[in-house]
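Breakdown of the fold
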Amino acid sequence: MLRMALKFIDIGANLTDPMFQGCYGGSQKHVADLDIVLKRAWQQGLQKIIITAGCLKDVDEALELTAKDERLYATVGTHPTRCDEFLPDPEGYYDQLRSKIESNPSKVLAIGECGLDYDRLKFCGQETQRLYFEKQLSLAAEFRLPLFLHMRNAHSDFMAILGRNRDKLKECGGGVVHSFTGTLEEAHSILAFGGLYIGVNGCSLKTEENAEVVRQLPNDRIMLETDCPWCGIRSSHVGHKHVSTKFPTVKKKEKWTAESLIDGRCEPCQISQVLEAIAGIKQEPKEKLAEIYYQNTLDVFFSRTGKTRTE
């Protein structure tokens, strides 16, 4: 009997990052290779990719990419570490985000990346983060779009903001707390809110504690992501021992070839490794999990297109 190829949706790919243009730390190391990266992704079973936007500039670049391929979509929002961008003209900045959503209804699938990040307060203070996280929830309510959420070391404030906006968010279709690395108690709190999912990538699979959280997450509340070009599964990660899919890799960026991945730069094709790690940790068939996680993603982000059960 032939085994059906696995299907994936990467809910979080930072395809506007300069690394995919061959630029690292402001220095050009190799030719732009995003087209090659995407070709590798489609060959690995990716059906759709949602490009993460973290500021207005990202939104413009992401939407430009989505126009080139029907399988590419985008979020619209401002990352907590970028919320200082609101400050010179809060209403003007908000209106620009709003305009991007309004002008691209078939390509914008979620509001985000938004939330709180208290691990990187050097980029933006807590008060500003809280203010403009809450402000962006109004976009979700107005356009009835799900949320692509970020939470780092800020669980109490994060849940408090969601809680006091619960009525506003009833029609937004839920969302996902992506790149989750929190505790099991925090995961339970997120899932108890209703309509929220947990996004798992390589950073979610680093430690024994991470693995135990993932093991206990309900499958009907998990989505897969790479958060590329970051969050690949490293050999030091607990999840690595379960990875069976290998890719040719070069150690130095300057040694780039079209056939090889670059060590340290994650790509969407590596979503298969995330699935394998979860399957190993949960001791469940990857085929079964792939189908569940794929459907979870369709239900939240693609239900408005009528493509939830027919693909």
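Quick caveat: nothing in here was measured; it's all calculated off a predicted structure.

**Topic: the UniProt feature "binding site: a divalent metal cation 1" (unreviewed entry) in the chain**
- UniProt records the feature "binding site: a divalent metal cation 1" (unreviewed entry) for E113 and D227 in the present numbering. The greatest C-alpha distance among the annotated residues, which extend across 115 residues, is 11.4 Å, indicating that they converge on a single site.
- By the secondary structure assignment, E113 is in strand β6 (residues 108-117).
- Here E113 falls in the buried class, since its relative accessible area comes to 5%.
- Engagement of the side chain of E113 in a polar contact is seen with the side chain of H150, the distance being 2.8 Å.
- Within the fold, D227 resides in the loop between β10 (222-224) and β11 (249-250).
- With relative accessibility at 9%, the residue D227 sits in the buried group.
- Leaving out residues up to four positions away in the same chain, D227 has contacts with D10, G12, N14, H178, S179 and N201.
- A distance of 2.9 Å separates the side chain of D227 from the side chain of N14, its partner in a polar contact.

**Some details on the sheet that holds strand β8 (residues 175-177)**
- Spatial ordering of the open sheet is given by β1-β4-β5-β6-β7-β8-β9-β10, a layout of eight strands whose pairing is parallel. The sheet terminates laterally at β1 (8-13) and β10, the two strands that pair on one side only. Sheet twist, expressed as the mean angle between neighbouring strand axes with direction ignored, is 30 degrees.
- With three bridges joining them, strand β7 (residues 147-152) and β8 adopt parallel strand pairing. Within β8, the position partnered with L147 by the bridge is G175.

Quick notes on the rules
Residues numbered from 1 in each chain as written. Predicted model: local features only at pLDDT ≥ 70, side-chain atom pairs only at ≥ 80, totals over all residues. Heavy atoms only, no water. UniProt positions renumbered as here; feature names shortened; annotations may be inferred. Helix = DSSP H or I, 4+ residues; strand = E, 2+ residues; numbered from the N terminus. Buried < 20%, exposed > 50% of the residue type's maximum accessible area, 1.4 Å probe, protein only. Polar contact = N/O pair within 3.5 Å; in protein donor to acceptor, adjacent residues only side chain to side chain. Contact = heavy atoms within 4.5 Å. Pairing = 2+ DSSP bridges. Axes fitted to C-alpha atoms, helices over the stretch in contact; angles between N-to-C directions.

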